[in-house]
Amino acid sequence: MSVLPIRTLPDPVLRQKSKRVKTIDGSILKLIENMLETVRAAPGRAGLAAPQVGVPLRVIVIDIPGAENVVLINPEIVKRSGERPVTEGCLSVPGYYGEIKRAESVTAKGRDASGKEIRIKAEELLAQALEHEIDHLNGILYLDHLESQDKLYKVEDEVPQL
Ligand code: NI
């Protein structure tokens, strides 16, 4: 396993639409292991999407301290409800955080590393991370959700880096 370098803006891979994974083979399993290692090594981290390590494939990992890891291949949000203001940062946009709106709860589906179809109903940080990481697969960054540039701040306090 290895810690992979994280791509940051303006790397164009962050704006690409990632491709679906057709077969969960050894290279995908290795990617997942390396992504988990990378997210664990990053300060204040909560999740990572494959394009952030330069791989435009639809794979995300979420590692929220005190909760079980989430690995989702070809994830999709199937339901969103409510809206709440959140503070959000991104490992690919170092030095900044912003205030945006996210859903209060989301349901996501996808496959786990063994290929089994799973469905996750989430609230709070896990819901925020699912929306954030799945956005990455579509080339969307939290910056795109800012209502105005006044809602973007330089990092002073520790905020979740998704
Ligand atoms: Ni991010």
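Structure's up top.
All figures in this text were calculated on a predicted structure; none of them were measured in a lab.

S.K.: Quick rundown of helix α1 (residues 26-41)? Include the residues and the values.
M.R.: For α1, which comprises 16 residues, the first-to-last C-alpha distance of 23 Å matches the rise-based estimate of 22 Å (1.5 Å per residue) to within 8%. On its buried face, α1 sits against β1 (47-49), β2 (59-62) and β3 (70-81).

S.K.: Report on the packing of aromatic side chains, specifying residues and quantitative values.
M.R.: Scanning the model with the defined rule gives 1 aromatic pair in all. Note on tyrosine 97 and tyrosine 153: the rings are 5.4 Å apart at their centroids and 35 degrees apart in plane angle, and the pair reads as tilted. Placement of tyrosine 97 in strand β5 (residues 96-102) and of tyrosine 153 in strand β8 (residues 152-154) is noted, with a sequence separation of 56 residues between them. For tyrosine 153, a relative accessible area of 27% gives the class partly exposed.

S.K.: Explain the pattern of salt bridges to me, using residue names and the numbers behind them.
M.R.: Opposite charge on two side chains makes pairing possible when the charged atoms of those side chains draw close. Counting across every chain of the model gives 8 salt bridges. The salt bridge partner of glutamate 131 is arginine 80, with a shortest N-O separation of 2.5 Å. With glutamate 131 in helix α2 (residues 124-137) and arginine 80 in strand β3, the pair connects residues that are 51 residues apart, well separated along the chain. Note that arginine 102 and glutamate 88 form a salt bridge whose closest N and O atoms lie 2.6 Å from each other. One end of the pair, arginine 102, is in strand β5; the other, glutamate 88, is in strand β4 (residues 84-88), with 14 residues separating them in the sequence. Judged by relative accessible area, arginine 102 falls into the buried class, the value being 4%.

S.K.: Please provide a residue-by-residue account of the environment of asparagine 34, values included.
M.R.: Structurally, asparagine 34 can be placed in helix α1. Looking at asparagine 34, the relative accessible area reads 7%, which means it is buried. For the pair asparagine 34 and leucine 4, spaced 30 residues apart in sequence, the C-alpha separation works out to 6.7 Å. In contact with asparagine 34, other than residues within four places in its own chain, are Met1, Ser2 and Leu4.

S.K.: Describe in detail unusual backbone geometry, supporting the description with residues and values.
M.R.: Omega for the peptide link from leucine 9 to proline 10 comes to 5 degrees, which places this bond in the cis form. The backbone of asparagine 74 shows a phi angle near 50 degrees, a positive value even though the residue is not glycine. For asparagine 74, the location among the structural elements is in strand β3. Given the relative accessible area of 9%, asparagine 74 is considered buried. Although it is not a glycine, glutamate 124 adopts a positive phi angle of roughly 50 degrees. Relative to the helices and strands, glutamate 124 resides in helix α2. Overall, the relative accessible area of 58% leaves glutamate 124 in the exposed class.

S.K.: Describe the nonpolar core, listing the residues and the values that go with them.
M.R.: Among soluble globular proteins, nonpolar side chains are generally buried collectively. By size, the foremost hydrophobic cluster in this structure holds 19 residues, and its most contacted members are Ile60, Ile62, Leu72, Val106 and Leu130. Where this core is concerned, the elements lending two or more residues are β2, β3, β6 (105-111), β7 (117-123) and α2. In this structure, isoleucine 62 is in contact with Ala46, Gly47, Glu68, Asn69, Val70, Leu126, Ala129, Leu130 and Glu133, ignoring residues within four places of it in sequence. Ranked by size, the runner-up nonpolar core spans 16 residues in total, among them Leu31, Ile32, Leu36 and Leu91.

Parameters at a glance
- Residues numbered from 1 in each chain as written.
- Predicted model: local features only at pLDDT ≥ 70, side-chain atom pairs only at ≥ 80, totals over all residues.
- Heavy atoms only, no water.
- Helix = DSSP H or I, 4+ residues; strand = E, 2+ residues; numbered from the N terminus.
- Expected span 1.5 Å × (residues − 1).
- Contact = heavy atoms within 4.5 Å.
- Phe/Tyr/Trp six-rings, centres within 6.5 Å; stacked < 30°, edge-to-face > 60°.
- Buried < 20%, exposed > 50% of the residue type's maximum accessible area, 1.4 Å probe, protein only.
- Salt bridge = Lys/Arg side-chain N within 4 Å of Asp/Glu carboxyl O.
- Core = buried A, V, L, I, M, F, W, Y, C linked by side-chain atoms within 4.5 Å.

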